[in-house]
Amino acid sequence: MSSGAAVPTPPPTTPGPHAEAGTVVLTAADISRALTRIAHEIVERNKGAHDLVLLGIPTRGVPLAARLAERLVAIEGASADAALDPQAIVGELDVTMYRDDLHRHPTRTIGATRLPASGVDGKVVVLVDDVLYSGRTIRAALDAISDLGRPRAVQLAALVDRGHRELPIRPDFVGKNLPTSTSERVSVRLAEVDGDPGDGAPADAVVIRPAAGATAAEAGA
Amino acid sequence: MSSAATTTYVLRGARPLGGEPVDLVLSGGVIAEVAAVGAASPTDAVVVDATDLVALPGLVDLHTHLREPGREDAETIESGTRAAAAGGFTAVHAMANTTPVADTAGVVEQVWRLGRDAGWVDVHPVGAVSVGLAGRQLAELGAMADSAARVRVFSDDGRCVDDPILMRRALEYVKAFDGVVAQHAQEPRLTEGAQMNEGVVSAELGLAGWPAVAEEAIIARDVLLAEHVGSRLHVCHLSTAGSVEIVRWAKGRGIDVTAEVTPHHLILTDELARGYDPTFKVNPPLRTAADVEAVREGLADGTIDIVATDHAPHAREDKDCEWAAAAFGMTGLETALSVVQQTMVDTGRMTWADVARVLSAAPARIGRIDTGERAQGRPLEVGEPANVTLVDPAARRVVDGAGQVTASTNTPFQGHDLPGAVVATFLRGRATVLDGAPVEAAEAQGVRA
Amino acid sequence: MRHLLSTQDLSRPDAVRILDTAAQMAATQSREIKKLPTLRGRTVVNLFYEDSTRTRISFETAAKRLSADVINFSAKGSSVSKGESLKDTALTLQAMGADAVVVRHQASGAPHVLAHAGWLDAAVVNAGDGTHQHPTQALLDAYTLRRHLSGTALAAPGASGPDDAAARGAGLDGRHVAIVGDVLHSRVARSNVHLLHTLGARVTLVAPPTLLPVGVQTWPCEVSYDLDATLAGDTAHGGPDAVMMLRVQRERMSGAGAGGGAFFPNPLEYSRKYGLDARRLGLLAEHAIVMHPGPMNRGLEISAQAADSPRAVIVEQVANGVAVRMAVLYLLLAGSDEAEVAGAPAAATAPLAAPVPTVERVPAS
């Protein structure tokens, strides 16, 4: 503004990481299978989809939560008396304002927080994120949830757990445990967020690269 | 009181008024000889290499604020007159808005005496028109005129003599001793709370506007008053195109009016207010580019008679604050000649002879200090008092307020690269500035008048 | 964003970002627990040289909702008359470790001086300076306008409330706003003219010629002396989508006021020619809204019927003020200083930054 310093703008959402060196550790089919398995585990752990709320953490936790909700409805739809609406059990939880590292980065754009109409009070909330790393995002998410209500329980689902936890946090449901070094970058691409790469490669993928060249798709927390 | 200097100077190869080089010999307080280059060789003379330097008669400022008595934290008569010498001046008129106001013979004599003791330039106090500058009652103009200071210029500068009756009386009264009223033209009701020129910039900045008409209306009234009572009027620091027009009209009509413009109004515009830097807060305010062009034109064609600095030093705290709280004014003694060179000489609109007219001869004549033993503003001719300024027109310098001689730093030209430099100043044959630096009192001990 | 001093400094992306952030802030303010931990450990000083309980409380609420420590510094008397100089006050605040200084000052440009004189490292937010700028007021006005003049709010006049979803990312393109009253002395008008223009709106200033500044012709707006004609609209353009009434001080009419006074003959004539009353309310398009920055002079620039009509969004403006000020404080204080000093787009230097704003989307099926 007055200083002439630019207000940081969100980076483009097209990642193009496939053009860079990297190892695909999960393909689209792997991701789909992992999500299906997690959905079954959630149902098993909670003895059904009753009272479940899936909250995706932006950016890529949101479509993952939506995909999980669809699978839950598909699994439970056969047995449940009342047909579940995936929209009714999924929401998104922006944790930006609860982060403890705001001072370490340029100003972050605040995302939306949207809860299902039923709210979170007395529910079992499953937090959904793409990559679990230091655990700080989840710490922020737990604070954010407590400002929104009092769930009966909070569980955590992550597509990838890359280790290096800095807080006593562990996931309840994991798509893939991925041993990494801290210098490596783990990128998750999802069609809903990152679009079609347009070169015939599948939209969905998890890629691991040796440091640098990271994009916005990289999940650092 | 004779100011006979003991040293004889030969200014070798100086160019009087920018003309052909000559040797100027200064001896016994007067210009003793004007000779061909190398021809002058008096014994025991100090030879100053003045090759390529322009020689001007010592500059005369009709409008200086020396701040003493009262605000010695901003400037003293000693520091202000030394700054004047550094700027090439040999005489200044010290404005009356001191504390106490210079509205009695006692105060003007004190200022005059302090100026004489300092010895850098001749200090001619300006007397207040009204008691306390309040605009109600005439000050003792006659007593000030008869005092040792022999005051001839009267002004409530900083305030306008807006009461038309008081202005008429003052114009009439000073005729008795050939005085002049120097009016600060500012209609007070039109400028209540005013902060800067009223126009596009003030509208945007939300600073209360100072319309051009507030200056022009007073000048128009005053020239008509001067005509009616047959008096002499001087218009201080006019700043607008309209003011130039009115003075031009008045002169065409034969009215005895003179006018001055400041160096800053010759070059700076109200755009500078945009950063809210109070350095650029001045009264009258900086105007538009069109006004700058008009005052240059007026100065070139003689409508405006003189350039006067309105040197207004201020203590740092009076400028280191929000705009509305800041004092009006900027320093100018040490940059005036450079600004005139840049705007008028280097642009081809004036010659160095014109510079001598507007910065020496004309102000001395208006102030009635152009005759007698201590005459100022005289031609560079044999037998005239040796008031000489040597200027290097090819020099350039970057202005730094902290490095100036004046005690204050509120120069609007901070960081500007200006042409021209004063190399030497001689007051009645005595060097007050040599090699661009004031000749300190210790060196000049015993030779001061 | 280092300081917020004037809406003239805001580019369109800057402005839209503030409004979008304000929308997210507003969403948190309908919760039971309104307080966020975002600015924990940061200190916000409200430095008020003028009494303005509304603005101070709004900033104070915004800072507290973000968990900042708030210090209210009410500087009675100014360096113009008496008391401590602005510089010494600034040095004091610097020593206290202020991270942001929200300043209200009667002198135009005082926030600019605070921000640039080198006395203070804190971010400076202009909360109204003299007759210069009041940028957060303009931002809250723009935010209010955007909610009411986007999407369904505009398409179905009167039928529905504000449309926050349609407003996200939007400007005010094609909208027409009339700002009526004492433009000369109004920092609100100055801020709004530039901001609304930046956001694509067309602005008409309506005032008696005495209450328009010399130089207004260079502003990016139109000027009218006739309120009825402006409200009725012309053939090329319809009437305004919003009317913003400015406060008129009664003392301006007298011949003795500051700046010369005598701006209009008397309050009755002012009301007749420039007041928003029931009849003029009837001239407005069905979707048009009525705004006022407050405090109102009922019966002078706005009648009770207009102030209390369903079109008036005056109370909502107050609520939106908190959200907008939260957004401004967030954007000024939440990020690191270092990354933005370079002036380069910060996202380029720190890939982890700034996740894309989420948009609600239908999951792929």
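Every chain begins its residue count from 1, and numbering advances along the sequence as written. Chain labels run from A onward and ligand labels from 1 onward, assigned in the order the entries are written. Totals for whole chains, interfaces and linings use every residue, but because this is a predicted model, local features are given only for residues with pLDDT of at least 70 and side-chain atom pairs only at 80 or more, for both listing and counting. Working from all heavy atoms in the structure, the side-chain values ignore hydrogens and water.

**A few points about the UniProt feature "binding site: carbamoyl phosphate" (unreviewed entry) in chain C**
All names here are of chain C.
1) Next: UniProt marks R54, T55, R104, H134, Q137, G294 and P295 with the feature "binding site: carbamoyl phosphate" (unreviewed entry), using the numbering shown here.
2) Next: Relative to the helices and strands, Q137 is located in helix α5 (residues 135-148).
3) Next: The buried label applies to any residue whose accessible area, calculated with a 1.4 Å probe on protein chains only, is under 20% of its type's maximum; exposed applies above 50%, and partly exposed to all values in between. Residue classification places Q137 among the buried residues on the basis of a relative accessible area of 7%.
4) Next: We call two residues in contact whenever any of their non-hydrogen atoms come within 4.5 Å of each other. Those residues within four positions of Q137 in sequence are excluded, and the remaining contacts are V188, P293, Q317 and R325.
5) Next: Strands are runs of DSSP state E lasting at least two residues, helices are runs of H or I lasting at least four, and both sets are numbered from the N terminus onward. Tracing the backbone through its elements, the reader meets G294 in the loop between β9 (289-291) and α12 (304-307).
6) Next: On the basis of relative accessibility, which here comes to 18%, the residue G294 falls in the buried class. UniProt positions are given in the numbering used here, feature names are shortened, and annotations may be inferred rather than shown by experiment.

**A short note on the packing of α5(C) against helix α8 (residues 187-198) of chain C**
Residues and elements named next belong to chain C.
1) Next: Axis definition: a line fit to C-alpha positions, over the contact stretch in the case of helices; interaxial angles, taken between N-to-C directions, run 0 to 180 degrees. Where α5 contacts α8, the axes come no closer than 8 Å and their chain directions differ by 50°. Taken together, the axes of α5 and α8 are oblique relative to one another. Here α5 and α8 pass one another in a crossing that is right-handed. Across the interface between the two elements, P135, Q137, A138, L139, D141, A142 and L145 of α5 pack against V188, S191, N192, L195 and L196 of α8.
2) Next: As a working rule, the residues Ala, Val, Leu, Ile, Met, Phe, Trp, Tyr, Cys and Pro are called nonpolar, Asp, Glu, Lys and Arg charged, and the rest polar, with Gly in that last group. In terms of residue class, the contact of α5 with α8 is built from eight nonpolar, three polar and one charged. Each angle gets one of four labels, with under 35 degrees taken as roughly parallel, over 145 as roughly antiparallel, 65 to 115 as roughly perpendicular, and the rest as oblique. Two helices that cross are described as forming a left-handed crossing if the nearer one is turned anticlockwise from the farther one by less than a right angle, and a right-handed crossing if clockwise.

**Concerning the UniProt feature "binding site: L-aspartate" (unreviewed entry) in chain C**
All names here are of chain C.
1) Next: When the UniProt feature table is mapped onto this chain, "binding site: L-aspartate" (unreviewed entry) is found at K82, R187 and R247.
2) Next: Here R187 lies in helix α8.
3) Next: Its relative accessible area of 14% is what places R187 among the buried residues.
4) Next: At 3.1 Å, the side chain of R187 and the side chain of E50 are in polar contact. Definition of a polar contact: a pair of N or O atoms within 3.5 Å, with one able to donate and the other able to accept a hydrogen when the atoms are protein atoms, and with sequence-neighbouring residues admitted only if both atoms are side-chain atoms.

**What about the interface of chain C and chain B?**
1) Next: Listed by partner, the interface residues are 27 residues for chain C and 18 residues for chain B.
2) Next: The term buried area refers to how much accessible surface (probe radius 1.4 Å) is lost by two components on association, counted for both of them together. For the pair chain C and chain B, the summed buried surface comes to about 1700 Å²; carbon and sulfur atoms form 53% of the total.
3) Next: Here a salt bridge means any side-chain nitrogen of Lys or Arg lying within 4 Å of a carboxyl oxygen belonging to Asp or Glu. There are one salt bridge connecting chain C and chain B.
4) Next: Those elements giving two or more residues to the side of chain C that touches chain B turn out to be α3 (86-96) and α4 (110-116) of chain C.
5) Next: Ranked by the residues each element gives to the side of chain C that touches chain B, the list is headed by α4(C), at three residues.
6) Next: In terms of residue class, the side of chain C that touches chain B is made up of ten nonpolar, 15 polar and two charged.

**A few points about the domain arrangement of chain C**
All names here are of chain C.
1) Next: Start and end points for every domain follow an automatic or database-based domain assignment. By the assigned domains, chain C splits into domain 1 (7-133 + 318-353) and domain 2 (136-316).
2) Next: Listed by partner, the interface residues are 33 residues for domain 1 and 33 residues for domain 2.
3) Next: When the area that domain 1 buries against domain 2 is broken down by residue, the three leading residues are R12, L19 and N320, summing to 26%.
4) Next: Connecting domain 1 to domain 2 are three salt bridges.
5) Next: The partner of R187 in a salt bridge is E50, and the shortest N-O contact between them spans 3.1 Å.

**What about the sheet that holds strand β6 (residues 202-206) of chain C?**
Residues and elements named next belong to chain C.
1) Next: Taken in spatial order, the five strands line up as β7-β6-β5-β8-β9 in an open sheet, and their pairing is parallel. The open sheet has two edge strands with one neighbour each: β7 (222-224) and β9. Strand-to-strand twist across the sheet, computed as the mean angle between neighbouring axes with direction ignored, equals 20°.
2) Next: As defined by bridge partners, strand β5 (residues 176-180) adjoins β6 across five bridges and the pair is classed as parallel. Across the sheet, the residue bridging to V180 is V206, located in β6. Here, a strand pair is defined by DSSP locating no fewer than two bridges between the strands.

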